[in-house]
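So you can see what is in the structure, the chains are spelled out below.
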Amino acid sequence: MQTGVRTMGSEAVARRGVAAGGRTAAGVARRRGRTRLTVRGRVVVAVLSALLAWACFGLVGTCEARSDMGATAVSSYTVRPGDTLWSYAARITPADGDVWETVAVLEELNDLPSSELTVGQRLIVPVW
């Protein structure tokens, strides 16, 4: 019993340019040339592009950090009985200066963990 369907050999299919599934070879080639991204693929490409741009701007916008702002002239002071960091800072702060800033400078120059001083302690003091 015949069904009326003629089958062709693989050579005939190749000659006619018909690929598996009834698509033509030219149609398959065209579809392979275009790349379609899924939503997930688009998100990945966008994130990677943003990271690349951020890295490029980071490299272009870098500047050298300098912690050395020049030499500071200093002298030393030996703490006497009754001296506090605040009272000594108030004595050496210039007339137009801020005592809080002087206290902060003294703490930084002397690596003081607190504002407590002991008699006989030597302090490095900036010369204004």
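The structure presented is a predicted model; accordingly, all values stated were derived computationally and were not measured.

Remarks on a nonpolar patch on the surface
No. 1: A cluster of nonpolar side chains, Val39, Val43, Val44, Val47, Leu48, Leu51 and Trp54, forms an exposed patch at the surface whose accessible area comes to about 730 Å².
No. 2: Relative to the assigned elements, Leu48 resides in helix H3 (residues 39-60).
No. 3: Judged by its relative accessible area of 54%, Leu48 falls in the exposed class.

Considering the nonpolar core
No. 1: Tyr77, Val79, Leu85, Tyr88, Ala89, Val99, Val103, Leu106, Leu112, Leu117, Leu123 and Val125 form the largest nonpolar core, which has 12 residues in total.
No. 2: Contact partners of Tyr88, with chain neighbours within four places excluded, come to Tyr77, Leu106, Leu123 and Val125.

Details of unusual backbone geometry
No. 1: Positive phi outside glycine occurs at Asp111, with the angle close to 50°.
No. 2: Relative to the assigned elements, Asp111 resides in the loop between helix H5 (99-109) and strand S2 (122-126).
No. 3: A relative accessible area of 67% places Asp111 in the exposed class.

Some remarks on the confidence of the model for the protein chain
No. 1: Within the protein chain, residue pLDDT values average 79, and 68% of them lie at 70 or more.
No. 2: Across the protein chain, element-level confidence peaks in helix H4 (residues 85-92) with a mean pLDDT of 93 and bottoms out in helix H1 (residues 10-16) with 51.

Conventions we followed
Residues numbered from 1 in each chain as written. Predicted model: local features only at pLDDT ≥ 70, side-chain atom pairs only at ≥ 80, totals over all residues. Heavy atoms only, no water. Patch = residues over 30% accessible without salt bridge, like charges linked within 9 Å, V, L, I, M, F, W, Y side chains within 5 Å. Areas by Shrake-Rupley, 256 points an atom, 1.4 Å probe, with all protein chains shown as cover. Salt bridge = Lys/Arg side-chain N within 4 Å of Asp/Glu carboxyl O. Helix = DSSP H or I, 4+ residues; strand = E, 2+ residues; numbered from the N terminus. Buried < 20%, exposed > 50% of the residue type's maximum accessible area, 1.4 Å probe, protein only. Core = buried A, V, L, I, M, F, W, Y, C linked by side-chain atoms within 4.5 Å. Contact = heavy atoms within 4.5 Å. pLDDT = per-residue confidence, 0-100.

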